[in-house]
Amino acid sequence: MFCPKCGEKNPDGARFCARCGAAIAAAGPVSGPVPAPPRRRSRVPLVAACAVAAVAVVVAAVLVLPGLLGGGRAAQERQASNAALNGGYKNTVVSSGDYDYLYSASVGGICRVKSDGSSAELIRPIDSAPYHVSALAIDGDTLYFALEGNAPSEIRSIQLDGTNEKSLVTLATEPNESATLTSEPNEFNQRVAQICVYDGALYVTSYVYDPYEMTCTWNVYTVHKDGSDIRQVFTLDGDYLAIQDLLVLPDAVYYLENGNGGDFYTLNAWDSDTNQVRALYTGTSAYASELCMVDGQLIFIERGSGSQQVMCFGTDGQEQKTLWSGEGAMIATVADGSVYLSVPNSDGSEGRSLLRVPLDGSAEQTVAQNLLNTSHSVSDVGGRLVVCENATETDDTSVLQAISMNYDGTDQVTYPLG
């Protein structure tokens, strides 16, 4: 017999269609109760389960893959903090794969070093007499660097093996009228302090210093990675010593502004969406510097009369707490939920130590000792720290020694830079 609803052929005597489940009228009367038709299995639970699984995959991709691939907000904070703390005459170390990249005048320019310390290779020679490198950044297989010296500042790119070098941007300004007082008009050129790469675009922080007026103008530009589409997104004028440590992220610029020789300071934030600056916090009787960020928390050091405090704030200026108090400290880097401080050796000997101070208030830990008592810098390269013990500015910031270590100070490896 055939189903009157869908036309499916069914065995004689069948009461329900095997295809659609509709009742089939049997020949002759039917005695007794008619059993319910067989229920078809609904696909809704299966579809819902598939949807839940798909959402889980997407969430995992958003939360896990950026960490595995070096992306995400944590990577942006790491890059911004390394650039803010180590730009200019210190030394930022950047990493890709098995190699760390840094500038060393003692090696002869930009070099790449195997992270296990097995080899060091010069990939871009630089004459350290007139030039030095003030900033480094990596995006994919391209290394970006700022070349500073007697000529206008330049941003260049090379492949990670040192090939295919390109000049992307030249940053210069005309000397103002005070330049007639000096034989070095290039001191009024813009100097590059930081380079970060977010979503394929360069974020370049520069400054123009007027030594006669003791003023400084800070600028933040976005630049396409091929050097095109240069846009000034933020500018700030102030006394040379008043503005400290611009922390540049794709959605905001945070900075410290000191007033009246250390009578007060302000923690400020510029928002890229609103193009407005707002004061997050004002401190009194202190001078603030060394602004950085980790785990969404703003960190800086407050220097009062005879004391220092490491301060921690949310990005809205709330949730204030003091992480550490003492003397003689500088913020070296932030990583793995901790602030790393460069402090005098505890035994009073010459040199400094690296002290790890967790944000959650757990026990402090000394992770390195007897660092050279010169201008050293520390970079978080993702899973490791690289400590560069630099010479002074007059020695062209030559890296005398570089040490790689885990966040807890274990597995220390000295790089062959000598």
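Residues numbered from 1 in each chain as written. Predicted model: local features only at pLDDT ≥ 70, side-chain atom pairs only at ≥ 80, totals over all residues. Heavy atoms only, no water.

By the naming in an unreviewed UniProt entry, the chain is DUF5050 domain-containing protein, taken from Candidatus Olsenella stercoravium.

1. Points about the overall build of the chain
Here is the rule: Under the scheme used here, helices are H or I runs from DSSP no shorter than 4 residues and strands are E runs no shorter than 2 residues, and both carry numbers assigned from the N terminus. Contact between two residues is taken to exist if any of their heavy atoms lie within 4.5 Å; hydrogens are not considered. Note on areas: these come from Shrake-Rupley sampling with a 1.4 Å probe, and a residue is covered only by the protein chains present in the view.
On a plain count of helices and strands, the chain comes out with three helices and 28 strands. Sequence-distant contacts, at least 24 apart, represent 37% of the contacts inside the chain between residues at least 6 apart. Only carbon and sulfur atoms are counted for the fraction: they give 50% of the accessible area of the chain, which is about 20,200 Å².

2. Considering the side chain of E302
Which entries qualify depends on this criterion: Residue burial is assigned from relative accessible area. The probe radius is 1.4 Å, only protein chains are included, and a residue is buried under 20% of its type maximum, exposed over 50%, and partly exposed in between. This count recognises Lys and Arg as positive and Asp and Glu as negative, with His and chain-terminal groups excluded. Throughout this description, the term salt bridge denotes a Lys or Arg side-chain nitrogen within 4 Å of a carboxyl oxygen of Asp or Glu. Identification of polar contacts relies on pairs of N or O atoms within 3.5 Å, with a donor-acceptor requirement for protein atoms, meaning one able to donate a hydrogen and the other able to accept it, and with residues adjacent in sequence counted only if both atoms are side-chain atoms.
One can find E302 in strand 18 (residues 297-304). Buried charge without a partner: E302 forms no salt bridge, and the closest opposite charge is R303, 10 Å away. A polar contact of 2.5 Å, which involves the side chain of E302, links it to the side chain of Y265. Setting aside chain neighbours within four positions, we find E302 in contact with Y265, A286, Y287, A288, S307, Q308, Q309 and M311.

3. Remarks on the pattern of salt bridges
This structure, assessed with the given rule, holds 11 salt bridges. The partner of D100 in a salt bridge is R384, with the nearest N and O atoms 3.0 Å apart. In this pair, D100 sits in strand 2 (residues 99-104) while R384 sits in strand 26 (residues 384-390), placing the two residues 284 residues apart along the sequence. As far as the burial class goes, D100 and R384 line up, both buried. Of the charged contacts, one joins D229 and R231 as a salt bridge, the two residues approaching to 2.9 Å between their closest N and O atoms. Taken together, the shared-partner salt bridges in this structure form one network comprising R124, E154, R156 and E165.

4. Focus: the sheet that holds strand 18
Whenever strands of a sheet pair, they do so through backbone hydrogen bonds, lying parallel or antiparallel. Here is the rule: Strand pairing requires that DSSP identify at least two bridges connecting the strands. Angles shown run from 0 to 180 degrees and are taken between the N-to-C directions of axes, each axis being a line fitted to C-alpha atoms and, for helices, limited to the stretch in contact.
Pairing is antiparallel across the open sheet formed by four strands, whose spatial order is 17-18-19-20. Each of the sheet's edge strands pairs with one partner strand only, and the pair in question is strand 17 (287-294) and strand 20 (321-326). Strand-to-strand, the axes of this sheet are offset by a mean angle of 20 degrees, without reference to chain direction. Pairing of strand 17 with strand 18, which is carried by six bridges, proceeds in the antiparallel orientation. By the bridge assignment, S289 is partnered in strand 18 with I301.

5. Quick notes on the confidence of the model for the chain
Inclusion rule: As a per-residue measure, pLDDT tells how confident the predictor is, with possible values from 0 to 100.
Averaged over the chain, the pLDDT score is 80; the fraction of residues at 70 or greater is 75%. Confidence scores differ between elements of the chain, with helix 1 (residues 44-63) showing the lowest mean pLDDT of 38 and strand 1 (residues 94-96) the highest of 96. In the predicted structure, residues 25-70 sits below a pLDDT of 50 and forms 16 contacts with residues beyond four places in sequence or in another chain.

6. What to know about the sheet that holds strand 11 (residues 215-224)
The sheet built from four strands is open, its strands ordered 9-10-11-12 with antiparallel pairing. The sheet terminates laterally at strand 9 (191-198) and strand 12 (231-239), the two strands that pair on one side only. Going across the sheet, the axis of each strand differs from the next one's by a mean of 15 degrees, ignoring polarity.

7. Quick word on the packing of aromatic side chains
To be explicit about the condition: Geometry of aromatic contacts follows a simple scheme: Phe, Tyr and Trp rings, the Trp one being its six-membered ring, pair when their centres are within 6.5 Å, and the pair is stacked under 30 degrees between planes, edge-to-face over 60, tilted otherwise. Look at NZ for Lys and CZ for Arg. If either is within 6 Å of the ring centre and within 35 degrees of the ring normal, a charge sits over the ring.
Taken as a whole and judged by the stated rule, the model has nine aromatic pairs. Geometrically, the ring pair formed by F300 and F313 is stacked, given 5.6 Å between the ring centres and 10 degrees between the ring planes. Of this pair, F300 sits in strand 18 while F313 sits in strand 19 (residues 307-314), and the two are 13 residues apart along the sequence. Take F300: its relative accessible area is 0%, and that puts it in the buried class. Residue F313 is classed as buried on the basis of its relative accessible area, which comes to 0%. Here the aromatic residues Y265, Y281, F300 and F313 are joined through ring pairs into a cluster of three or more. Directly above the aromatic system of Y99 lies the positively charged group of R112, at a separation of 4.5 Å from the ring centroid.

8. What to know about the pairing of strand 22 (residues 338-344)
Across the seven residues that make up strand 22, a large majority, six, are buried. Sheet analysis places strand 21 (residues 330-335) next to strand 22, joined by five bridges and oriented antiparallel. The residue bridging A335 from the neighbouring strand is S338, located in strand 22. Pairing between strand 22 and strand 23 (residues 352-358): seven bridges, direction antiparallel. Each bridged residue has a counterpart across the sheet, and for Y340 the counterpart in strand 23 is R356.

9. A look at the nonpolar core
How we decide: Throughout this description, the term nonpolar core refers to a set of buried Ala, Val, Leu, Ile, Met, Phe, Trp, Tyr and Cys residues connected via side-chain atoms within 4.5 Å.
Ranked by internal contacts, the top residues of the largest apolar core, which has 35 residues, are L246, Y254, L298 and F300. Those residues in contact with L298 that sit more than four places away from it in its chain are L247, Y254, L267, L280, L291, C292, M293, M311, C312, F313, G314 and T315.

10. Overview of helix 3 (residues 72-86)
What counts is decided by this rule: Expected helix span is computed as 1.5 Å times (number of residues minus one).
Relative to the 21 Å expected for 15 residues at 1.5 Å per residue, helix 3 spans 21 Å between its end C-alpha atoms, a close match to the ideal helical length. Of all 15 residues in helix 3, 11 are buried; the element is thus mostly enclosed. By the burial criterion, the buried members of helix 3 are A75, Q76, E77, Q79, A80, S81, N82, A83, A84, L85 and N86. In this structure, the buried residues of helix 3 make contact with strand 5 (131-139), strand 9, strand 13 (243-249), strand 17, strand 21 and strand 25 (376-380). Phi turns positive one or two residues past the end of helix 3, at G88, with a value near 80 degrees.

11. Notes on the environment of S153
As for its placement among the helices and strands, S153 is situated in strand 7 (residues 153-159). S153 gets classed as buried once you look at its relative accessible area, which sits at 0%. For the pair S153 and Q190, spaced 37 residues apart in sequence, the C-alpha separation works out to 6.7 Å. Excluding its chain neighbours within four sequence positions, the residues that come into contact with S153 are L147, E148, V169, T170, L171, Q190, R191 and V192. Of note is the side chain of S153, whose polar atom sits 2.5 Å from the side chain of E148.

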